[in-house]
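# Fold and geometry: a report
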Amino acid sequence: HPFYNALFIYNVYSEKTRKIKDWEKKSLYGRGYPFQIFNNEVWFIDINGTLSSYDIKTDKFHKYDNADKKRLKTFDIDIQNNTIWATSTKNQLVSFELSTVKNNFSYYNIDGIKYLSTIEITSIKVSDLWVWLASEQGILLYDKKKKITSYFNRNNKLLNNSIQSVLLDNKENAWFTTNGAISF
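Each value, and the rule that gives it
- Residues numbered from 1 in each chain as written.
- Predicted model: local features only at pLDDT ≥ 70, side-chain atom pairs only at ≥ 80, totals over all residues.
- Heavy atoms only, no water.
- Pairing = 2+ DSSP bridges.
- Helix = DSSP H or I, 4+ residues; strand = E, 2+ residues; numbered from the N terminus.
- Axes fitted to C-alpha atoms, helices over the stretch in contact; angles between N-to-C directions.
- Contact = heavy atoms within 4.5 Å.
- Buried < 20%, exposed > 50% of the residue type's maximum accessible area, 1.4 Å probe, protein only.
- Salt bridge = Lys/Arg side-chain N within 4 Å of Asp/Glu carboxyl O.

Turning to the sheet that holds strand β4 (residues 41-45), a few remarks are in order. Spatially, four strands are ordered β3-β4-β5-β6 in an open sheet, and the strand pairing comes out antiparallel. The open sheet has two free edges, formed respectively by β3 (35-38) and β6 (60-64), since each of these has just one partner strand. Geometrically, the sheet is characterised by an average inter-axis angle of 25° between neighbouring strands, direction not taken into account. Bridge analysis of β4 against strand β5 (residues 51-55) gives five bridges, and the strand direction is antiparallel.

See below:
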């Protein structure tokens with residue numbers, strides 16, 4: 001049967017489920033993209049690679065086009081700094097300030113990594129100091145303060161290049177799951 005694109009909210013106290021009106025028509029949400037909830041909004045990247053949100057209180061959708069029209073592919077929300085960090089299909093690191101109402105995108109240089117064009121970033125995790133970019137070829141670590149990027153793979157510290165997911169603990173440690181090993 002065809003893919004059914006719907007979003008539901010389940011209330012654990014009332015044990016009732018509510019379907020989000022017009023989600024199928026207006027969201028353009030694709031299954032391959034993550035979504036997160038922050039400040040009563042569902043944030044996601046639509047099938048066109050556009051940062052989008054759905055306001056739970058007002059039932060309104062918003063689209064945020066970046067200036068260079070590069071497609072976004074994965075994101076994470078920096079709750080402490082009220083910022084969304086994302087990557088584009090061209091491995092550009094992008095941030096979006098949630099405190100403003102306009103399209104406030106900033107772009108960060110992660111060049112200088114050998115073979116960057118061949119690395120496909122699959123997920124992103126953000127801590128107060130770092131942006132962790134996971135891929136099948138290792139991990140890129142962006143230092144938010146120094147604005148520099150380091151690259152880790154099997155040749156320099158990782159047990160396996162294929163990073164499946166990243167989990168951050170409260171001490172800024174990153175835990176990576178890989179094909180066959182956990183790295184810390």
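Picking up after the structure, the text goes on.
Mapping threonine 178 onto the fold places it in strand β16 (residues 174-178). Each residue touching threonine 178, except ones within four places of it in the same chain, is listed here: Asn160, Ser162, Ile163 and Gln164.

Glancing now at the environment of glutamine 92. Locating glutamine 92 in the fold gives a position in the loop between β8 (83-88) and β9 (93-97). What makes glutamine 92 buried here is its relative accessible area of 18%. On a C-alpha basis, the gap between glutamine 92 and lysine 16 in space is 41 Å, while along the polypeptide they are 76 residues apart.

This paragraph deals with the pattern of salt bridges. As enumerated under the stated definition, the model contains six salt bridges in all. Its salt-bridge partner being glutamate 24, residue lysine 19 comes within 2.9 Å of it at the nearest N-O pair. Look at glutamate 24 and you get partly exposed, because its relative accessible area is 32%. Taking the shortest distance from any N to any O, the salt bridge between lysine 25 and aspartate 22 comes out at 3.9 Å. With a relative accessible area of 67%, lysine 25 lands in the exposed category. On the basis of relative accessibility, which here comes to 23%, the residue aspartate 22 falls in the partly exposed class. One continuous salt-bridge network, built from bridges that share partners, spans Asp22, Lys25 and Lys26.

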